[in-house]
Amino acid sequence: MVSVEDNRVIKAKDVNFFYGKFRALTDISMDFEKSRVTALIGPSGCGKSTLLRLLNRMNDLIDGTRVEGEVLFEGQNIYGPDVDPVEIRRRIGMVFQKPNPFPKSIYNNITYGPRLAGLDNRVELEALVEQSLRQAVLWDEVKDILGQSAMMLSGGQQQRLCIARALAMKPDVLLMDEPTSALDPISTAKIEELIQDLKKDYTIIIVTHNMQQAARISDMTGFFYLGRLIEYSATEKIFTRPDIKQTEDYITGRFG
Amino acid sequence: MRWRYFKEGVFFWLVRLSAFVITAALGGLLAYILFNGLGILSWNFLTLPPTDSMTKGGIMPAILGTLYLTAGAILIALPLGITSAVYLTEYAKQGPVVRVIRIGVNCLAGVPSIVFGLFGLGLFVVFLQFGSCILSGSLTLGILILPTIIGASEEALKAVPQTFREASLALGVSKWQTICRVVLPNALPGILTGSILGIGRAAGETAPVMFTAAAFYTAKLPSSIFDEVMALPFHIYVLATAGTHIEATRPIQYGTVLVLVGLVLGIDLIAIVIRSTIRKRKRW
């Protein structure tokens with residue numbers, strides 16, 4: 001088993017992924033460190049979102065997909081035969097590209113997951129709502145309208161609500177799939193700030209198309225191209241002196 | 001240039017005309033029924049049983065019978081239809097098996113209603129020995145409207161955004177809970193609207209009930225689901241073709257038609273009201 005000192009929360013080992021006959025990921029091996037922000041970058045179709053969705057088994061939902069290799073979460077292979085994907089998704093939360101709140105009240109959006117996981121104490125639920133919304137820096141804006149539909153909020157607020165909703169499950173890892181690509185610059189800045197705060201308590205893995213964003217908020221960056229992990233190291237290094245020419249070409253905007 | 005405007009004008013009027021013809025057909029039909037049936041309509045007509053060999057009195061047992069049969073059909077077909085649709089859209093792997101089931105459902109929708117009547121007679125009345133009763137009739141009508149309900153439910157389930165399912169599953173909520181808490185509640189208005197329209201149709205069907213539930217005449221009101229009932233469509237059929245006083249019962253025939261049409265349109269109206277209120281509230 002893993003030693004306590006092991007900082008690598010998730011380890012992907014020789015992962016291959018197939019949509020039917022199409023091979024979307026080839027021999028991916030990479031580790032994700034605790035309390036860090038790891039950015040996955042690369043041109044469209046390079047497999048970065050596929051990898052992200054693989055880490056909490058969201059790809060299970062697509063018919064005709066196949067995974068080879070191992071993804072170890074705290075030492076356990078999440079693709080092992082006796083692993084319940086529902087349990088994995090409770091511990092590894094996800095925020096999607098487009099804000100997707102439920103057509104319920106703000107309060108019920110937050111309590112939806114915890115309630116179904118068995119929490120039914122009103123006081124605890126209320127505390128959890130406040131805590132999650134505060135963590136997502138949304139509390140001050142919505143504390144008086146918790147009973148209103150989440151659909152009334154702006155896009156940026158909805159996305160922060162979705163982050164709060166994911167945080168309410170108290171996950172260890174937060175996966176973010178281009179969380180700001182549908183938002184305006186001000187909302188984007190708020191969410192980037194939020195990510196910086198959250199990394200104290202959570203391991204964050206974020207897919208982004210925006211290279212400045214990756215440079216601003218991440219500690220580690222992985223560059224993907226055609227389903228392969230081309231280069232993976234500290235963000236600063238990737239953006240200043242990458243080892244591989246393809247990475248440099250992409251970052252400097254020569255292709256992609 | 002002028003020729004082109006002329007052509008456009010002609011075409012425009014053709015389109016308008018065809019829409020008008022349809023509306024006029026419906027309007028004419030309703031006006032005719034109203035004109036002939038309104039005279040006999042009274043509180044007594046709606047609340048009294050027929051008397052004097054059905055040449056006098058009201059049609060209360062037939063109204064009640066149709067309500068029972070329709071309610072029974074809903075109780076049978078709605079749960080079965082919704083669960084089938086959930087299986088087809090949410091669980092079944094899209095492939096040859098599902099395709100065969102879908103084709104089956106569509107074929108079921110195309111089967112003439114008299115065939116359903118005979119099937120109900122063979123299976124429920126004779127083989128299962130329920131006899132001609134509310135249960136047999138409701139089961140037969142239920143099967144008749146099943147394709148409509150499955151179709152409506154499938155459409156409504158597919159209309160629920162995939163992102164809702166993803167959001168729920170990503171929170172570590174199981175698929176079953178996701179379906180119960182997110183997918184079905186959001187699909188329910190659509191399911192109900194589509195189903196109610198199907199039910200309206202079932203209420204007006206004659207052939208499926210004539211062998212399985214409907215009595216020519218019974219003054220006794222049903223006391224259990226194993227009793228025979230009168231039904232509005234069958235009552236009209238009987239009065240208009242099979243009685244010995246066909247001319248004498250003309251007003252009653254029109255009155256019954258009016259009540260039946262009113263009932264079906266009323267059911268449809270409920271569906272329309274549900275749909276429009278939901279559309280106003282929907283925000284995705």
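See the structure above.
On a predicted model such as this, the values are computed, not experimentally measured, just so you know. (Residues numbered from 1 in each chain as written. Chains lettered and ligands numbered in written order. Predicted model: local features only at pLDDT ≥ 70, side-chain atom pairs only at ≥ 80, totals over all residues. Heavy atoms only, no water.)

J.: Any chance you could explain helix α3 (residues 106–116) of chain A here in plain terms?
T.: Residues spaced three or four apart along an α-helix point in a common direction, a consequence of the helix completing one turn every 3.6 residues. A large share of α3 of chain A lies buried, amounting to nine of its 11 residues. Burial in α3 of chain A covers these residues: Ile106, Tyr107, Asn109, Ile110, Thr111, Tyr112, Gly113, Pro114 and Leu116 of chain A. If you follow the buried residues of α3 of chain A, they end up packed against α2 (85–91), α4 (122–135), α5 (139–142) and α6 (155–167) of chain A together with α7 (162–170) and α8 (175–204) of chain B. Looking one or two residues beyond α3 of chain A, the residue adopting positive phi is Gly118 of chain A, at roughly 115°. (Buried < 20%, exposed > 50% of the residue type's maximum accessible area, 1.4 Å probe, protein only. Helix = DSSP H or I, 4+ residues; strand = E, 2+ residues; numbered from the N terminus. Contact = heavy atoms within 4.5 Å.)

J.: Would you take a moment to explain the side chain of Glu154 of chain B for this structure?
T.: Residues and elements named next belong to chain B. Structurally, the position occupied by Glu154 is in helix α6 (residues 134–158). The class of Glu154 is buried, set by a relative accessible area of 7%. Engagement of the side chain of Glu154 in a polar contact is seen with the side chain of Arg102, the distance being 2.6 Å. (Polar contact = N/O pair within 3.5 Å; in protein donor to acceptor, adjacent residues only side chain to side chain.)

J.: What is the right way to read the sheet that holds strand β5 (residues 76–77) of chain A from this model?
T.: Residue and element names in this part refer to chain A. One open sheet holds the four strands; their spatial order is β2-β1-β4-β5, and the pairing between them is antiparallel. Each having just a single partner strand, β2 (22–33) and β5 make up the two edges of the open sheet. Two elements, strand β4 (residues 65–73) and β5, share two bridges in a ladder whose sense is antiparallel. Bridge assignment links Leu72 to a residue of β5, and that residue is Asn77. (Pairing = 2+ DSSP bridges.)

J.: Looking at this model, I keep getting lost on the pattern of salt bridges. Mind explaining?
T.: Opposite charge on two side chains allows them to pair when their charged atoms are near. One pass over the full model with this rule turns up 18 salt bridges over all chains. With its nearest N and O atoms 2.9 Å apart, the salt bridge here joins Arg122 of chain A to Glu126 of chain A. With Arg122 of chain A and Glu126 of chain A both in helix α4 and four residues apart, this pair spans about one turn of that helix. With a relative accessible area of 60%, Arg122 of chain A lands in the exposed category. In this structure, Arg165 of chain B engages Glu90 of chain B in a salt bridge whose closest nitrogen and oxygen atoms are separated by 2.8 Å. Here Glu90 of chain B lies in helix α3 (residues 60–91) and Arg165 of chain B lies in helix α7, a separation of 75 residues in the sequence. Accessibility classification places Arg165 of chain B together with Glu90 of chain B in one group, the buried group. What emerges from the salt-bridge pattern is a single network uniting Glu74, Arg91 and Asp172 of chain A. (Salt bridge = Lys/Arg side-chain N within 4 Å of Asp/Glu carboxyl O.)

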